[in-house]
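Here is how the chains run, residue by residue.
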Amino acid sequence: MRNIVEIGKDIYWIGEKVSGFITKNSYLLKNGEEGVLIDPGLYHKSLMIRIRKKWPGLKLKWIIYPSINFEHYPLVWELSQDEMFKDTKIIVHKVHKKFLEPLGFNDKFLFIDEHEEKFGEYRLKFIPVEILNFPGALFVFIEPGKILATGPLFSSFYRSDEIFATSSDYLSFVDEFHQGYFISSRYLSYPLEIIERLSPQVVAPSTGLIFKGELINELVKHYRENPEIEESFYEDLIERVMEILTTSVKITDAIPRIKELLRETVNIKNLGIMTLFNHDSPKLIIPHRHEKAKLDDRTYTEQMERIKLFLEKSTFYKCKGDVFKKYLGDGHYYLFSLKDRELYGALIVVTPHAISEDLREFFKKLRPAFRTAVEREVIYEKLSMEVEKYKEQVWFDSLTGLYNKNYLIREADRIFGRYKRYSENFSLVMMDIDDFKKINDTYGHMVGDIVLEDIGNILRRYSRSADILVRFGGEEFLAILPHTTSSGAYRFAEKIRTKVESHPIHLKEKSFKVTISAGVAGTDLVKNINSFDDLLKLSDKALYMAKGKGKNRTVVYSDEKGFTF
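Remember, predicted model here, so these are calculated numbers, not experimental data.

A. Examining the side chain of Asn-25 more closely. With respect to the helices and strands, the residue Asn-25 is situated in strand β3 (residues 21-31). A distance of 2.8 Å separates a polar atom in the side chain of Asn-25 from the backbone oxygen of Gly-208. In this structure, Asn-25 is in contact with Trp-13, Ile-14, Asp-39, Pro-205, Ser-206, Thr-207, Gly-208 and Ile-210, ignoring residues within four places of it in sequence.

Below, the structure written as structure tokens:
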């Protein structure tokens, strides 16, 4: 099968074939030695192998995700840390900022809504749309070429080696795909308006065959005349619940809001979610506590076995609810299965009266959205732990617990940019252990490590929370002091120097003392610096001067006086 096909001038289709049929479409815009990758999905590594093979040296300016759900987050995290893409920005809808920002993704992302960008002769229009499971989805319209990338909209799972749809019969496969993503025909009406307004020549979904020419008109006509899901009394309410589920960072944030909404509109008494992953103890998400409660093994065993059996075989179950009443109160209990892969879970609805058929169908329609929200939280929690572990490995020195040089490289431009933007003073203190080689030669490297660890502890103890402490190299340390003048940095350096000097290193037979030298450079005494590195070099020169003048001292640099002791 062809892996790269030109579908417009310098616009290429890049396909992934899995299990015998096309499951993933990606698109590349090329402008000289720069490129833009649209919709890489789960396969960015294999895509890049093919791109590099065809266009060696091509650099990606942007990677655009028209739609991502929370299963993508670990892959996007991996991509954002890949050295291959260090100069590449990742474009997603702005709603993802509140999910990705706590993970430290900000510097790699452009968070956008309705937006336009120029790329060479291309104009890219980003148009927000609503899609179940995908908070903050985007259409990407490429001009010239009039190609509309639609993400999962108008996708299908279709066995074929073809790239383009050739018959309107193919629309039945699109209908089948949509049933898992669009619980309301309203989610298709606006995208159809976009297609009619833009009149694209190509409609390029993320999965399945691509539409072009007259088949685009057939596509619009099909969904205008035959909406796959009829409107219902609960249509507005579904939309409001969906908005809460897709925009809440945590399901524990969403449940209280949904409960209040449904109490006012359909007279439910309470709402909860029971989750069970990989046969762990069940957890109950309850609105009034805004937390997850662990169910007591002794009280739920018998009922839980019946509930597990229901989750295996059915989507709807009326139960006594004894195991939940402590948390959700009295009433009629109805469970709607959220089972999917590893997840055994249920949406628990408590009503004052027997549930009506319309209300039952309403909750059945919402099952995929609740399931996605629960899975999202599990993925998000796992990813948060992975990110923290990654930070510890990549940004922290394992011996001293201080930041390492990798972190400094990452943060230096941000620190200097803030100084330039707001004229906020900051100072650097470069410190070096005196005669450290002699310590290692005399006492051994294990004792040398103890010295480094002790100095790291002293630095932490006598610094402010805003100060950034870095193990710069072997026996060198750097303190970045925000909102601090050179005189303040000198006092800090002297405090550290005297604390180190008075701190004995105890061995079994004897003890010895260590000294450090320090060099200070601050933005208040140094003019015309153009980068963080300029100030760093001056603090290093001041340190070198301190060493040359006898060690165990602090030297400050200023433009007017040179080095002062």
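Having seen it, we continue.
B. Representation of the packing of helix α13 (residues 436-443) against helix α14 (residues 445-461) in the model. One can describe the packing of α13 onto α14 by two numbers: an axis separation of 7 Å at closest approach and a directional angle of 135 degrees. Comparing the axis directions of α13 and α14 gives the class oblique. Contact with α13, carried on its side by Phe-436, Ile-439, Asn-440 and Tyr-443, involves His-445, Val-447, Gly-448, Val-451 and Leu-452 of α14 and no other residues of that element. Split by residue class, the contact of α13 with α14 holds six nonpolar, three polar and no charged.

C. Expanded view of the nonpolar core. Counting residues in each nonpolar core, the largest one holds 32 residues, and the members touching the most others are Leu-262, Phe-362, Phe-363 and Phe-370. Breaking this core down by element, the ones donating at least two residues are α7 (235-247), α8 (251-266), β14 (270-277), β18 (332-337), β19 (343-351) and α11 (357-395). It is α11 that provides the largest number of residues to this core, a total of eight residues. If sequence neighbours within four positions are ignored, Phe-370 has contacts with Val-241, Leu-245, Ile-255, Ile-258, Ile-273, Leu-338 and Leu-347.

D. Structural view of the environment of Phe-126. With respect to the helices and strands, Phe-126 occurs in strand β9 (residues 122-131). Under the relative-accessibility criterion, Phe-126 is labelled buried at 0%.

E. Region of interest: the packing of aromatic side chains. For the structure on display, the rule yields 18 aromatic pairs. With centroids separated by 5.0 Å and ring planes inclined at 55 degrees, the aromatic side chains of Phe-316 and Phe-336 adopt a geometry described as tilted. Remark: Phe-336 occurs in strand β18 and Phe-316 occurs in strand β17 (residues 316-319); sequence separation between them is 20 residues. Phe-336 gets classed as buried once you look at its relative accessible area, which sits at 0%. Aromatic side chains Tyr-419 and Phe-426 sit 5.7 Å apart centroid to centroid with 75 degrees between the ring planes, which places their arrangement in the edge-to-face category. Judged by its relative accessible area of 17%, Tyr-419 falls in the buried class. For Phe-426, a relative accessible area of 3% puts it in the buried group. An aromatic cluster is defined as three or more aromatic residues linked by ring pairs; in this entry it consists of Phe-316, Tyr-334, Phe-336, Phe-362 and Phe-363. In this arrangement the basic side chain of Lys-212 is found over the ring face of Phe-164, its NZ or CZ atom lying 4.2 Å from the centre. A cation over a ring is seen here: Lys-405 above Phe-472, with NZ or CZ 4.3 Å from the ring centre.

F. Just the environment of Tyr-223, in detail. Note that Tyr-223 resides in helix α6 (residues 214-225). Taking the relative accessible area as the measure of exposure, Tyr-223 reaches 4% and is therefore buried. Separated by 31 residues in the primary sequence, Tyr-223 and Leu-192 place their C-alpha atoms 8.0 Å from one another.

G. Inspection of empty space enclosed by the protein at higher detail. Overall, the coordinates contain two cavities of 30 Å³ or more when judged by the stated rule. Approximately 40 Å³ is the volume attributed to the second largest cavity. In this structure, the second largest cavity is lined by Val-451, Asp-454, Ile-455, Ile-458, Val-500, His-503, Ile-505 and Val-514. Here the element with the most residues in the lining of the second largest cavity is α14; it accounts for four residues. Of the residues that constitute the lining of the second largest cavity, the class distribution is six nonpolar, one polar and one charged.

H. Spatial organisation of unusual backbone geometry. Look at the link from Glu-143 to Pro-144: it is a cis peptide, with omega at -10 degrees. Here Pro-144 is to be found in the loop between β10 (134-143) and β11 (147-151). The backbone phi angle of Ser-199 is positive, close to 50 degrees, even though this residue is not glycine. Examined against the element boundaries, Ser-199 turns out to sit in the loop between α5 (186-198) and β12 (202-205). A residue is classified by how much of its surface remains accessible, and Ser-199, at 41% relative accessible area, is partly exposed.

I. Layout of the packing of α7 against α8. Contact pair α7 / α8: the axes reach a minimum separation of 9 Å and the direction vectors enclose 160 degrees. Accordingly, the angle class assigned to the pair α7 and α8 is roughly antiparallel. As for how α7 packs across α8, the hand of that crossing is right-handed. Across from Leu-237, Arg-240, Val-241, Ile-244 and Leu-245 in α7, the residues of α8 making contact are Ile-251, Ala-254, Arg-257, Ile-258, Leu-261, Leu-262, Thr-265 and Val-266.

Rules of the game
- Residues numbered from 1 in each chain as written.
- Predicted model: local features only at pLDDT ≥ 70, side-chain atom pairs only at ≥ 80, totals over all residues.
- Heavy atoms only, no water.
- Helix = DSSP H or I, 4+ residues; strand = E, 2+ residues; numbered from the N terminus.
- Polar contact = N/O pair within 3.5 Å; in protein donor to acceptor, adjacent residues only side chain to side chain.
- Contact = heavy atoms within 4.5 Å.
- Axes fitted to C-alpha atoms, helices over the stretch in contact; angles between N-to-C directions.
- Parallel < 35°, antiparallel > 145°, perpendicular 65-115°, else oblique.
- Nonpolar A, V, L, I, M, F, W, Y, C, P; charged D, E, K, R; others polar.
- Core = buried A, V, L, I, M, F, W, Y, C linked by side-chain atoms within 4.5 Å.
- Buried < 20%, exposed > 50% of the residue type's maximum accessible area, 1.4 Å probe, protein only.
- Phe/Tyr/Trp six-rings, centres within 6.5 Å; stacked < 30°, edge-to-face > 60°.
- Lys NZ or Arg CZ within 6 Å of the ring centre and 35° of its normal.
- 1 Å grid on protein atoms, 1.4 Å probe; cavity = no way out; pocket = protein on both sides within 12 Å on 5 of 7 lines; lining within 4 Å.
- Points joined across faces, edges and corners; volume = space filled by probe spheres on them.
- Left-handed = near helix turned anticlockwise from the far one by under 90°.

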